[in-house]
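# Coordinates in review
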Amino acid sequence: LRDTLRKRGVRVITGLGKYFRQIDKSRNGFLSQADFKEALKLFHLEIPEGDFESLWPILDPSKTDKVDYGEFIRAIVGEMNEYRKAFVRKAYMKLDFNKTGSVPMVDIRKCYCAK
């Protein structure tokens, strides 16, 4: 699954994330195993049942029978490398004007422009 997603590129991964949010009726950030399988099927990422049974514990290490998008991305893409982590830390330090360890949305809006 990881190799297939990497070959397909970022559009498929972001598309899956958007679809996850659409079918997450409870808005808790989690999908059931059945919903997750349906999402894979919709994006033509079907995998054999035996392979899925091996994949599921990786996606659901806490054994809640649910998976969240963050866990999915970490399992597929992996952790950020040290360069990216340092870049994120540097950006966060600039956003955390008051050095409180948290950044309110108001402060992010002051600095961020999607354009």
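Because the structure is predicted, anything quoted here is derived from the model rather than measured. (Residues numbered from 1 in each chain as written. Predicted model: local features only at pLDDT ≥ 70, side-chain atom pairs only at ≥ 80, totals over all residues. Heavy atoms only, no water.)

## Side note on helix α3 (residues 33–42)
Looking only at α3, the buried set comprises Phe-36, Ala-39 and Leu-40. Buried residues along α3 cover an arc of 100° about the axis, so they all sit on one side. Taken together, the buried residues of α3 touch α2 (10–23), β1 (30–32), α4 (49–59), β2 (66–68) and α5 (69–77). Residue His-44 follows α3 closely and has a positive phi angle near 55°. (Buried < 20%, exposed > 50% of the residue type's maximum accessible area, 1.4 Å probe, protein only. Helix = DSSP H or I, 4+ residues; strand = E, 2+ residues; numbered from the N terminus. Arc of directions from axis to C-beta. Contact = heavy atoms within 4.5 Å.)

## Description of the packing of α2 against α3
Interaxial distance between α2 and α3 falls to 11 Å at its minimum, and their mutual angle equals 140°. Viewed along their axes, α2 and α3 adopt a mutual orientation that is oblique. For α2 against α3, the interelement crossing comes out right-handed. Residue-level inspection shows Leu-16, Tyr-19, Phe-20 and Ile-23 of α2 in contact with α3, the latter providing Asp-35, Phe-36, Glu-38, Ala-39 and Leu-42. Considering only residue class, the contact of α2 with α3 consists of seven nonpolar, no polar and two charged. (Axes fitted to C-alpha atoms, helices over the stretch in contact; angles between N-to-C directions. Parallel < 35°, antiparallel > 145°, perpendicular 65-115°, else oblique. Left-handed = near helix turned anticlockwise from the far one by under 90°. Nonpolar A, V, L, I, M, F, W, Y, C, P; charged D, E, K, R; others polar.)

## Some remarks on unusual backbone geometry
If you check the backbone angles, His-44 has positive phi at about 55° while not being a glycine. Along the chain, His-44 turns up in the loop between α3 and α4. A positive phi angle is found at Asp-65, which is not glycine, with a value near 60°. Tracing the backbone through its elements, the reader meets Asp-65 in the loop between α4 and β2. Taking the relative accessible area as the measure of exposure, Asp-65 reaches 51% and is therefore exposed.

## Structural notes on the packing of aromatic side chains
Each pair of aromatic rings is reported with the distance of its centres and the angle of its planes. Evaluation of the coordinates by the stated rule reveals five aromatic pairs. Their ring planes at 40° and their centres at 5.8 Å tell us that Phe-20 and Phe-36 sit as a pair that is tilted. With Phe-20 in helix α2 and Phe-36 in helix α3, this pair connects stretches of sequence that are 16 residues apart. Members of the aromatic cluster, each reached through a chain of ring pairs, are Phe-20, Phe-36, Phe-52 and Trp-56. (Phe/Tyr/Trp six-rings, centres within 6.5 Å; stacked < 30°, edge-to-face > 60°.)

## As for the UniProt feature "domain: EF-hand" (unreviewed entry) in the chain
Listed under "domain: EF-hand" (unreviewed entry) in the UniProt record, and renumbered for this structure, are residues 11–46. Across residues 11–46 one finds 64% helix and 8% strand; the C-alpha atoms that close the span lie 17 Å apart. (UniProt positions renumbered as here; feature names shortened; annotations may be inferred.)

## Regarding the pattern of salt bridges
Taken as a whole and judged by the stated rule, the model has three salt bridges. For Glu-82, the salt bridge goes to Lys-85, with nearest N and O atoms at 3.7 Å. Of this pair, Glu-82 and Lys-85 both sit in helix α6 (residues 82–95), three residues apart, roughly one helical turn. According to the relative accessible area criterion, Glu-82 is exposed, its value standing at 53%. (Salt bridge = Lys/Arg side-chain N within 4 Å of Asp/Glu carboxyl O.)

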